[in-house]
Amino acid sequence: MLKVEDWAEIRRLYRAEGVPIKEIARRLGVARNTVRAALASDRPPKYQRAPRGHVADAFEPQIRALLTEWPRMPAPVIAERIGWPYSMPPLRKRLALVRPEYAGIDPVDRITYEPGQIAQCDLWFPATKVQVAPGQLRVLPVLVMTLGFSRFMTAMMIPTRQAGDILSGMWSLISQIGRVTKTLVWDREAAIGGSGKLTAPAAAFAGTLATTIKLAPPRDPEYKGMVERANQYLETSFLPGRGFASPTDFNDQLGEWLIKANSRTVRSIQGRPIDLLETDRLLMMSLPPVIPPIGLTCRVRLSRDYYVRVDTVDYSVDPQAIGRFVEVTASLQEVIVSCDGHVVARHQRSWARQGVITDPAHAATAAAMRQALAADRLRRQAMRHHSDGHAVTLRALPDYDALFGVDFDPSPAKARTE
């Protein structure tokens with residue numbers, strides 16, 4: 001095959017210098033017909049390999065017959081139905097070409113976001129583990145929110161994926177901005193709307209803020225592409241080379257980094273998020289005068305084991321509330337237990353697993369209550385009262401045996417004589 005360099009030289013010699021075809025063929029060591037073909041072609045030569053057959057060609061009619069009825073049939077099932085004798089990659093490549101003819105293609109439009117209209121939310125799980133207790137490391141979720149118009153990004157680490165913790169994180173991030181968008185976009189996170197319908201905590205949160213939580217369609221990550229790109233940006237620009245002593249340290253470092261991240265120029269909006277934030281805020285809705293329902297809450301009867309469980313950690317409670325119902329409220333920072341409107345326990349929230357948090361005052365109260373109960377039992381055993389009210393001393397039963405000369409020894413007489 002003639003090289004591109006030789007094709008260009010042939011055309012230059014013939015057209016620019018007027019060299020005859022015979023001389024060009026002699027100089028370049030090619031046939032004269034090759035020179036004529038190069039002069040007749042207006043485009044450089046391009047090598048094209050003759051198409052070869054594919055192992056899937058013989059199976060394509062069967063594949064198409066299955067896709068006609070079941071366009072979304074998985075590749076392993078198709079391989080089983082058609083008796084596929086080879087490895088899966090060739091079949092998957094053919095399915096990638098053929099399936100769109102039957103399943104259809106769902107194109108994604110470019111969307112222009114107006115100020116104050118929308119914010120996208122997601123959970124990012126950094127690979128780096130964070131120390132939550134001595135000798136205990138965990139991978140914890142990070143809540144990420146990105147404003148549609150300004151691309152302003154906020155994020156913070158939270159302890160769990162439970163609804164109360166996610167909503168607490170959302171309220172914290174929204175409070176930092178000072179206003180809320182008209183729509184909050186979420187994927188089908190289980191605590192928000194895993195079934196395709198908002199959960200009761202998420203609906204109560206949205207109702208208090210007078211906003212809308214919109215759930216993305218299933219298996220459609222492009223629906224919230226902004227926050228997905230923000231997650232990738234965090235993964236590649238914030239995380240590498242960092243270590244974290246605690247979740248608080250993680251959030252402190254993340255907060256400092258976000259200041260720089262929001263000051264960079266974003267090509268898609270031709271501006272800096274920090275500069276466009278005020279335009280976004282002006283058309284957002286103001287926050288309500290009350291805090292929306294957030295945090296983990298439960299109502300339990302306090303057992304003799306004077307502890308309540310939040311997530312997987314046990315927290316001590318004043319033992320004087322044993323047997324009564326207590327209200328447990330856990331924010332991202334602390335756990336508060338109340339009984340009849342009075343606080344009976346307050347602890348710093350632990351993000352560890354299977355921990356036990358004990359207030360020394362609660363342990364001392366429990367010890368004092370046990371001692372008082374033991375003393376009362378001894379007192380009751382030592383004295384009894386006559387019907388007229390005076391105390392009657394209790395005597396041991398062997399005293400009566402000795403008084404009446406009775407021997408109630410159960411051992412046989414023969415054994416005693418021996």
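Residues numbered from 1 in each chain as written. Predicted model: local features only at pLDDT ≥ 70, side-chain atom pairs only at ≥ 80, totals over all residues. Heavy atoms only, no water.

1. Observations concerning the pairing of strand β2 (residues 130–133)
So, point 1. Pairing analysis gives three bridges linking β2 to strand β3 (residues 136–138), with the strands arranged antiparallel. Paired with Q131 across the strands is L137, a residue of β3.
So, point 2. Here β2 hands over to β3 after two residues, with G135 in that stretch at a positive phi of 80 degrees. (Pairing = 2+ DSSP bridges. Helix = DSSP H or I, 4+ residues; strand = E, 2+ residues; numbered from the N terminus.)

2. Overview of the sheet that holds strand β11 (residues 307–310)
So, point 1. If you trace the three strands from one edge of the open sheet to the other, you get β11-β12-β16, paired in mixed fashion. Looking at strand neighbours, the two that pair on one side only are β11 and β16 (356–357), the edges of this open sheet.
So, point 2. The pairing of strand β12 (residues 313–316) with β16 spans two bridges and is parallel. If you follow D314 over to β16, its bridge partner there is V356.

3. Examining the nonpolar core
So, point 1. Ranked by internal contacts, the top residues of the largest apolar core, which has 31 residues, are I166, M170, L184, W186 and I192.
So, point 2. Listing elements by their share of this core, those giving two or more residues are β1 (118–124), β4 (142–147), α8 (163–177), β7 (183–186), α9 (190–193), α10 (200–209) and β8 (212–215).
So, point 3. Considering every element that reaches this core, the biggest residue donor is α8, with eight residues.
So, point 4. When residues no more than four places from it in sequence are discounted, the contact partners of I166 are L123, L143, I158, T160, R161, W186, E189, A191 and I192.
So, point 5. By size, the runner-up hydrophobic cluster in this structure holds 23 residues, among which are V130, A133, A230 and L239. (Core = buried A, V, L, I, M, F, W, Y, C linked by side-chain atoms within 4.5 Å. Buried < 20%, exposed > 50% of the residue type's maximum accessible area, 1.4 Å probe, protein only. Contact = heavy atoms within 4.5 Å.)

4. Concerning helix α6 (residues 88–98)
In an α-helix, one full turn covers 3.6 residues, which means residues spaced three or four apart are oriented alike.
So, point 1. Every buried residue of α6 is accounted for by P90, L91, R94, L95 and V98. Buried positions in α6, seen along its axis, are confined to an arc of 135 degrees and lie on one side of it. Along α6, exposed side chains directed more than 90 degrees from the buried face belong to K93, A96 and L97.
So, point 2. In this structure, the buried side of α6 is in contact with α4 (60–69), α5 (75–82) and α7 (100–103). (Arc of directions from axis to C-beta.)

5. What to know about the sheet that holds β7
So, point 1. Taken in spatial order, the five strands of this open sheet run β5-β4-β1-β7-β8, and their pairing is mixed. Of all strands in the sheet, those bounded by a partner on one side alone are β5 (153–157) and β8. Taking each pair of neighbouring strands and ignoring which way they run, the sheet shows an average axis angle of 25 degrees.
So, point 2. Packing against the sheet, α8 makes contact with β1, β4, β5 and β7, and its axis sits at approximately 40 degrees to β4.
So, point 3. Packing against the sheet, helix α12 (residues 247–261) makes contact with β1, β4 and β5, and its axis sits at approximately 170 degrees to β5. (Axes fitted to C-alpha atoms, helices over the stretch in contact; angles between N-to-C directions.)

6. Remarks on unusual backbone geometry
So, point 1. Non-glycine residue D311 carries a positive phi angle of around 60 degrees.
So, point 2. Mapped onto the elements, D311 comes out in the loop between β11 and β12.

7. What to know about a nonpolar patch on the surface
So, point 1. Taken together, L397, Y400, L403, F404 and V406 make up a surface patch of nonpolar side chains, about 570 Å² in accessible area.
So, point 2. Tracing the sequence through the fold places L397 in helix α15 (residues 397–404).
So, point 3. Among the residues examined, L397 registers a relative accessible area of 65% and is labelled exposed. (Patch = residues over 30% accessible without salt bridge, like charges linked within 9 Å, V, L, I, M, F, W, Y side chains within 5 Å. Areas by Shrake-Rupley, 256 points an atom, 1.4 Å probe, with all protein chains shown as cover. Salt bridge = Lys/Arg side-chain N within 4 Å of Asp/Glu carboxyl O.)

8. Examining the packing of helix α11 (residues 225–238) against α12
So, point 1. Look at α11 against α12: their axes get within 12 Å of each other, and the N-to-C directions meet at 105 degrees. One finds that α11 runs roughly perpendicular with respect to α12. Residues Y233, L234, S237 and F238 of α11 pack against F250, Q253, L254, W257 and A261 of α12.
So, point 2. Residues that form the contact of α11 with α12 fall into these classes: seven nonpolar, two polar and no charged. (Parallel < 35°, antiparallel > 145°, perpendicular 65-115°, else oblique. Nonpolar A, V, L, I, M, F, W, Y, C, P; charged D, E, K, R; others polar.)

9. Some remarks on helix α2 (residues 21–28)
So, point 1. Among all positions of α2, only I21, I24 and A25 are buried. Down the axis of α2, the buried side of the element spans an arc of 100 degrees, and every buried residue falls inside it. Those residues of α2 that are exposed and aimed more than 90 degrees away from the buried face are K22 and R26.
So, point 2. Packed against the buried residues of α2 are α1 (4–15) and α3 (32–40).
So, point 3. Just beyond α2, the residue with positive phi is G29, at close to 70 degrees.

10. Here's the deal with the side chain of R151
So, point 1. Note that R151 resides in the loop between β4 and β5.
So, point 2. Despite its burial, R151 remains without a salt bridge, the nearest opposite charge being carried by D280 at 7.7 Å.
So, point 3. Within the structure, R151 has its side chain in polar contact with the backbone oxygen of G148 (distance 2.3 Å).
So, point 4. Not counting residues up to four positions away in its chain, the partners in contact with R151 are Y113, T146, M226, N262, V266, S268, I269 and P273. (Lys, Arg positive; Asp, Glu negative; His and termini not counted. Polar contact = N/O pair within 3.5 Å; in protein donor to acceptor, adjacent residues only side chain to side chain.)

11. Thoughts on the packing of α4 against α5
So, point 1. Packing of α4 against α5 leaves a shortest axis separation of 10 Å and a crossing angle of 125 degrees. Taken together, the axis directions place α4 and α5 in an arrangement best described as oblique. Relative to α5, α4 is oriented so that their crossing is right-handed. The residues of α5 that touch α4, namely those facing Q62, I63, L66 and L67, are I78, R81 and I82.
So, point 2. When its residues are assigned to classes, the contact of α4 with α5 shows five nonpolar, one polar and one charged. (Left-handed = near helix turned anticlockwise from the far one by under 90°.)

12. Focus: the side chain of R11
So, point 1. Position of R11 among the secondary structure elements: in helix α1.
So, point 2. D42 is the oppositely charged side chain nearest to the buried, salt-bridge-free R11, at an N-O distance of 4.0 Å.

13. A look at the packing of aromatic side chains
So, point 1. Summed over all chains, the structure comprises eight aromatic pairs.
So, point 2. Ring centres of W84 and Y86 lie 5.3 Å apart, and the angle between their planes is 75 degrees; this geometry places the pair in the edge-to-face category.
So, point 3. Residue classification places W84 among the buried residues on the basis of a relative accessible area of 9%.
So, point 4. Aromatic side chains F238 and W257 sit 5.5 Å apart centroid to centroid with 55 degrees between the ring planes, which places their arrangement in the tilted category. In this pair, F238 is assigned in helix α11 and W257 in helix α12, connecting sequence segments 19 residues apart. In terms of burial, F238 and W257 fall into one category: buried. (Phe/Tyr/Trp six-rings, centres within 6.5 Å; stacked < 30°, edge-to-face > 60°.)

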